[in-house]
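# Reading the structure
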Amino acid sequence: MDLRQIGASSLVSGPSLREQARQVIRGLIITGQMQPDQLYSVPRLAIDLGVSATPVREALLDLAREGLLEPVRNRGFRVVSLSPGELNDIFAIRALLEVPVVAEIARARLTPAQTEHLRELAEATKRAADDGNLIEFLETDRQFHIGLIATLGNKPLADLVETLRDRVRLHGFKNGSTREHIAQSASEHFQLLDALSKQDEAGAIAVMRRHLERSRHVWGEGDRKPHTEDQT
């Protein structure tokens, strides 16, 4: 796979190449463009992303520590594959964490500055959804949800939820559901913010439960095309 054909190289330029490469590669993983049945080598990815090997290697190691990739000795990296049971377990943990979180946020009440910041992120997810830009949507969606949890000031919790959200997305979208799902998700961000601004604890819980339940049915195995050629 030549990542330049999907415009990935244009996203990696300037300072912080390691972080930019990590974001691009994560986007390729969670949109299903990097798949578990292929090997991806550092030199090949560096060429495709248009940068040197060092920031790409560092980015891949970062993603391996996050549980999205696994190194294959002397060959490259492979996307981690989750079983249906593991996927169910992750969603169960997310529900145990994220539903009580929005209830706590509703009780604590967001500050005007926090509300404005989260609404800007919600607007960004809507623009990405309207444009059909999946990678941009997934990044702004991640920022919205982690930013929401961050209002509680509990960084370990925010980091844990971020990791769980990324691991869910290892399977990518099921075919045919992408556009509808991201449009609905973007809409639910505004619904959640409206409930939180009114300190409507029950309403916030209901939106988050619906958000998670629908995501559980959207993120899954999908119908991936088989690939047998190693990317080395």
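Just above, that's the structure.
Summary of the structure given here.

Scoring rules and cut-offs
- Residues numbered from 1 in each chain as written.
- Predicted model: local features only at pLDDT ≥ 70, side-chain atom pairs only at ≥ 80, totals over all residues.
- Heavy atoms only, no water.
- Helix = DSSP H or I, 4+ residues; strand = E, 2+ residues; numbered from the N terminus.
- Buried < 20%, exposed > 50% of the residue type's maximum accessible area, 1.4 Å probe, protein only.
- Contact = heavy atoms within 4.5 Å.
- Areas by Shrake-Rupley, 256 points an atom, 1.4 Å probe, with all protein chains shown as cover.
- Salt bridge = Lys/Arg side-chain N within 4 Å of Asp/Glu carboxyl O.
- Axes fitted to C-alpha atoms, helices over the stretch in contact; angles between N-to-C directions.
- Parallel < 35°, antiparallel > 145°, perpendicular 65-115°, else oblique.
- Left-handed = near helix turned anticlockwise from the far one by under 90°.
- Expected span 1.5 Å × (residues − 1).
- Polar contact = N/O pair within 3.5 Å; in protein donor to acceptor, adjacent residues only side chain to side chain.
- 1 Å grid on protein atoms, 1.4 Å probe; cavity = no way out; pocket = protein on both sides within 12 Å on 5 of 7 lines; lining within 4 Å.
- Points joined across faces, edges and corners; volume = space filled by probe spheres on them.
- Nonpolar A, V, L, I, M, F, W, Y, C, P; charged D, E, K, R; others polar.
- Pairing = 2+ DSSP bridges.

Right, let's get into the overall build of the protein. Helices and strands together make up the secondary structure of the protein, namely nine helices and two strands. Beginning at the N terminus, the succession of helices and strands in the protein can be written as α-α-α-β-β-α-α-α-α-α-α. Here the protein holds 232 residues, and 49% of them are scored as buried. Taking all contacts inside the protein whose residues are at least 6 apart in sequence as the whole, residues at least 24 apart take part in 76%. Surface accessibility of the protein: about 11,100 Å² in total, with carbon and sulfur atoms responsible for 51%.

All right, on to the side chain of Thr140 then. In this structure, Thr140 sits in helix α6 (residues 134–150). In this structure Thr140 comes out as buried when scored by relative accessible area, which is 4%.

A word on the pattern of salt bridges. Oppositely charged side chains may form a pair once their charged atoms are brought near each other. Scanning all chains against the criterion turns up 17 salt bridges. Residue Asp62 pairs with Arg18 through a salt bridge whose shortest N-O separation is 2.8 Å. Remark: Arg18 occurs in helix α1 (residues 17–30) and Asp62 occurs in helix α3 (residues 53–65); sequence separation between them is 44 residues. Judged by relative accessible area, which is 14%, Asp62 ranks as buried. Linking Arg22 and Glu66 is a salt bridge whose minimum nitrogen-to-oxygen distance equals 2.8 Å.

Take the packing of α1 against α3 next. One can describe the packing of α1 onto α3 by two numbers: an axis separation of 8 Å at closest approach and a directional angle of 55°. The pairing of α1 with α3 is recorded here as oblique in orientation. Crossing angle aside, the handedness with which α1 passes α3 is right-handed. Residue-level inspection shows Leu17, Arg18, Ala21, Arg22, Ile25, Arg26 and Ile29 of α1 in contact with α3, the latter providing Pro55, Val56, Glu58, Ala59, Leu60, Asp62, Leu63 and Arg65.

In this model, helix α5 (residues 112–131) (20 residues) spans 29 Å end to end at C-alpha, consistent with the 28 Å of a helix rising 1.5 Å per residue. At the C-terminal side of α5, Gly132 shows a positive phi close to 70°.

What follows deals with the side chain of His181. Structurally, the position occupied by His181 is in helix α8 (residues 178–197). For His181, a relative accessible area of 4% puts it in the buried group. Among the polar contacts made by the side chain of His181, one reaches the side chain of Arg214 at a distance of 2.7 Å.

Right, let's get into empty space enclosed by the protein. Under the defined criterion, the tally for this structure stands at two cavities of 30 Å³ or more. Estimated volume of the second largest cavity: approximately 30 Å³. What lines the second largest cavity is simply Glu98, Val101, Val102, His145, Leu148, Ile149 and Met208. Among the secondary structure elements, those contributing two or more residues to the lining of the second largest cavity are α4 (84–108) and α6. The class makeup of the residues in the lining of the second largest cavity is five nonpolar, one polar and one charged.

With that settled, the discussion passes to unusual backbone geometry. At Asn74, a position not held by glycine, the phi torsion is positive, near 65°. Looking at the element boundaries, Asn74 is found in the loop between β1 (69–72) and β2 (76–79). One non-glycine residue, Gln199, lies in the positive phi region at around 55°.

Here four bridges tie β1 to β2, and the two strands are oriented antiparallel to one another. Residue pairing in the sheet places Glu70 in a bridge with Arg78 of β2. The turn joining β1 and β2, which pair antiparallel and follow one another in sequence, is formed by three residues; a positive phi near 65° is taken by Asn74.

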